[in-house]
Amino acid sequence: MAKATTAKYEQMILEVEWTDGSDTYTNVCGLVDVTINRTSNIDTSEIPDCTDESKPLSIERQVRSQEVTVSASGVWALSSHQNMLAWWRAGTTLNVRLRNAKVESDGATDDIYAESGPAILVSLNNGRTKGQKVSAEVEIQFDGVPATALVV
């Protein structure tokens with residue numbers, strides 16, 4: 001039996017370029033659960049049979065658009081506090097990168113190891129529970145489909 005090669009937790013990385021144009025990306029400290037969602041928005045058309053209109057319509061689909069979003073949760077880290085609040089309050093885009101370090105180091109030539117581009121911090125939530133650390137939940141949406149970086 002051949003076992004699948006997998007990535008470790010720390011090899012799937014969510015990073016933000018806090019200073020525009022610096023090309024320096026930093027992970028958002030405290031966010032320990034990160035989910036990346038890639039969605040194709042589909043249009044559906046019903047197509048009649050022109051020879052026999054009594055037949056059921058055929059369903060045809062095509063991709064209208066695509067989007068990438070990220071949801072993450074964890075604890076609220078002081079080192080991320082100011083950057084995250086400033087990003088949300090500004091209502092602007094920052095460059096975000098999703099990087100798979102396992103693919104970057106061990107992938108085949110032309111494998112995609114990173115997706116990056118401008119993104120909006122859509123929601124920023126904090127919570128407290130007695131006896132627990134302050135929690136954080138965020139949602140990030142890319143403004144367009146992120147660009148890819150390939151293994152060379």
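In the block above lies the structure referred to throughout.
(A) Representation of the overall build of the chain. In terms of regular secondary structure, the chain is built from two helices and eight strands. Seen in sequence order, the chain has helices and strands lined up from the N terminus as β-β-β-β-α-β-α-β-β-β. Its C-alpha atoms give the chain a radius of gyration of 20 Å, more than 25% over the compact-globule value 15 Å for 152 residues. Expressed along its principal axes, the backbone C-alpha trace of the chain runs to roughly 70 × 40 × 40 Å. Per-residue burial for the chain yields a buried fraction of 26% across its 152 residues. Of the contacts formed within the chain by residues at least 6 apart in sequence, a portion of 64% connects residues at least 24 apart. Accessible surface, the chain as shown: approximately 10,400 Å² in total, 48% of it carbon and sulfur. The averaged location of the 21 negative side-chain charges in the chain is 13 Å from the averaged location of its 13 positive side-chain charges.

(B) Quick look at the environment of Gln11. With respect to the helices and strands, the residue Gln11 is situated in the segment before β1 (12–17). On the accessibility criterion, Gln11 (17% relative accessible area) is buried. Apart from residues lying up to four places away in sequence, Gln11 is in contact with Arg99, Asn100, Ala101 and Lys102.

(C) Fine view of the pattern of salt bridges. Scanning all chains against the criterion turns up seven salt bridges. For Arg99, the salt bridge identified is with Glu15, shortest N-O distance 3.1 Å. Separated by 84 residues along the polypeptide, Arg99 in strand β5 (residues 93–100) and Glu15 in strand β1 bring together distant segments of the chain. Residue Arg99 shares its accessibility class with Glu15, and that shared class is buried.

(D) Summary view of the pairing of β1. Of all six residues making up β1, five are buried, and the element is well covered by its neighbours. Bridging between β1 and β5 involves six bridges; their strand directions are antiparallel. Looking at β5, one finds that Glu15 is bridged to Arg97.

(E) The arrangement of the pairing of β5 in detail. As paired strands, β5 and strand β6 (residues 112–127) are joined by seven bridges and run antiparallel to one another. Each bridged residue has a counterpart across the sheet, and for Thr93 the counterpart in β6 is Ile120.

Reading the values: the criteria
Residues numbered from 1 in each chain as written. Predicted model: local features only at pLDDT ≥ 70, side-chain atom pairs only at ≥ 80, totals over all residues. Heavy atoms only, no water. Helix = DSSP H or I, 4+ residues; strand = E, 2+ residues; numbered from the N terminus. Rg over C-alpha atoms; globule rule 2.2 N^0.38 Å. Buried < 20%, exposed > 50% of the residue type's maximum accessible area, 1.4 Å probe, protein only. Contact = heavy atoms within 4.5 Å. Areas by Shrake-Rupley, 256 points an atom, 1.4 Å probe, with all protein chains shown as cover. Lys, Arg positive; Asp, Glu negative; His and termini not counted. Charge placed at Lys NZ, Arg CZ, Asp CG, Glu CD. Salt bridge = Lys/Arg side-chain N within 4 Å of Asp/Glu carboxyl O. Pairing = 2+ DSSP bridges.

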